[in-house]
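What the coordinates show
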Amino acid sequence: MRARRLAAWLRAEQISAVPHPLPPYALAVLEFPFPHLAALAGRAPIGGAREVALACFVAARLADDRRHDDNGIAPPARTERSAGARTWLGTLTIPAAVRAPLARCVDATATAARSAVARELAALSTAAAPYLDPSSRAELDALASVLAG
């Protein structure tokens, strides 16, 4: 009986966490996009799985820039970034089943509408599913649904 009263008293006296403001000289905490894809690329063995994860990460970063079209990157810069990414992705050893959807997705980020980018990103997620873990695939699917509107 006494232990029960003590437990009830401890619960009643507990103070919830109080958020502390950042000091005036501190930088704002950055939010890293696609942490599961990055973690998968970091821990996957060298070879196909790692290169597919890296390729999906690059495609997701390019597609994420389309989410912020109003204050994002200008169209000529997007085209240049897409061409550079496509050149870099050409150096990777990516399975044929993933290479075509990846190329379409990267190309779509340059000039296509957001809905087309979402469609290509969803196709990439499906093609790369054997190489991705569920949380990495969920990041791609969530971005595709945001872009689709």
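Our structure's up above, just so we're on the same page.
Read on for an overview of the structure.

Conventions used here
- Residues numbered from 1 in each chain as written.
- Predicted model: local features only at pLDDT ≥ 70, side-chain atom pairs only at ≥ 80, totals over all residues.
- Heavy atoms only, no water.
- Helix = DSSP H or I, 4+ residues; strand = E, 2+ residues; numbered from the N terminus.
- Buried < 20%, exposed > 50% of the residue type's maximum accessible area, 1.4 Å probe, protein only.
- Contact = heavy atoms within 4.5 Å.
- Areas by Shrake-Rupley, 256 points an atom, 1.4 Å probe, with all protein chains shown as cover.
- Salt bridge = Lys/Arg side-chain N within 4 Å of Asp/Glu carboxyl O.
- Axes fitted to C-alpha atoms, helices over the stretch in contact; angles between N-to-C directions.
- Parallel < 35°, antiparallel > 145°, perpendicular 65-115°, else oblique.
- Left-handed = near helix turned anticlockwise from the far one by under 90°.
- Nonpolar A, V, L, I, M, F, W, Y, C, P; charged D, E, K, R; others polar.
- Core = buried A, V, L, I, M, F, W, Y, C linked by side-chain atoms within 4.5 Å.
- 1 Å grid on protein atoms, 1.4 Å probe; cavity = no way out; pocket = protein on both sides within 12 Å on 5 of 7 lines; lining within 4 Å.
- Points joined across faces, edges and corners; volume = space filled by probe spheres on them.

**Considerations on the overall build of the chain**
Secondary structure assignment for the chain yields 7 helices and 0 strands. Secondary structure of the chain in N-to-C order comes out as α-α-α-α-α-α-α. The buried share among the 149 residues of the chain stands at 33%. Of the contacts formed within the chain by residues at least 6 apart in sequence, a portion of 64% connects residues at least 24 apart. Summed over all atoms, the accessible surface of the chain reaches about 9400 Å², with 62% contributed by carbon and sulfur.

**Quick look at the pattern of salt bridges**
Note on pairing: side chains with opposite charge can pair once their charged atoms come close. In this structure the tally under the stated criterion is 5 salt bridges. Between arginine 43 and aspartate 133 there is a salt bridge, and its shortest N-O distance comes to 2.7 Å. Of this pair, arginine 43 sits in helix H2 (residues 35-43) while aspartate 133 sits in the loop between helix H6 (114-127) and helix H7 (134-148); the two residues are 90 residues apart in sequence, bridging distant segments of the chain. Residue arginine 43 is classed as exposed on the basis of its relative accessible area of 54%. Of the residues examined, aspartate 133 reaches a relative accessible area of 18% and is grouped as buried. Between arginine 86 and aspartate 107 there is a salt bridge, with the nearest N and O atoms lying 2.3 Å from each other. Of this pair, arginine 86 sits in helix H4 (residues 75-89) while aspartate 107 sits in helix H5 (residues 96-111), and the two are 21 residues apart along the sequence. Classification of arginine 86 by relative accessible area gives partly exposed; the value is 39%.

**Comments concerning the packing of H2 against H7**
At a closest axis distance of 8 Å, the pairing of H2 and H7 adopts a crossing angle of 140 degrees. Between H2 and H7, the angle is such that the two are oblique. Relative to H7, H2 is oriented so that their crossing is left-handed. Contacts between H2 and H7 involve Pro35, His36, Leu37 and Leu40 from the former and Ser135, Ser136, Glu139 and Leu140 from the latter. Looking at the contact of H2 with H7, its residues break down into 4 nonpolar, 3 polar and 1 charged.

**Let's talk about the nonpolar core**
Among the nonpolar cores identified, the biggest contains 32 residues, and Leu37, Cys56, Leu102, Leu121 and Leu124 are the most heavily contacted of them. Looking at this core, the elements that each hand over two or more residues are H2, helix H3 (48-67), H4, H5, H6 and H7. Residue contributions to this core peak at 9 residues, all from H3. Here leucine 124 is in contact with Cys56, Ala59, Val98, Pro101, Leu102 and Cys105, once residues within four sequence places are set aside.

**Concerning the environment of leucine 140**
Inspection of the secondary structure puts leucine 140 in helix H7. In this structure, the C-alpha to C-alpha distance between leucine 140 and phenylalanine 34, residues 106 residues apart in sequence, is 8.4 Å. Non-local contacts of leucine 140, meaning those with residues more than four positions away in its chain, are made with Leu37, Cys56, Ala60, Leu121, Ser125 and Leu132.

**So, the layout of surface pockets**
To locate leftover empty space, one rolls a probe as large as a water molecule over the atoms. Taken as a whole, the largest pocket spans an internal volume of roughly 170 Å³. If you go around the largest pocket, the residues you meet are Glu31, Phe32, Pro33, Phe34, Asp64, Arg67, Glu139, Ala142, Leu143 and Val146. Within the residue set of the lining of the largest pocket, elements represented by two or more residues are H3 and H7. The dominant element in the lining of the largest pocket, judged by the number of residues it contributes, is H7, at 4 residues.

**Topic: the side chain of serine 82**
Among the structural elements, serine 82 can be located in helix H4. Those residues in contact with serine 82 that lie beyond four places of it in its chain are Val106, Asp107, Thr109 and Ala110.

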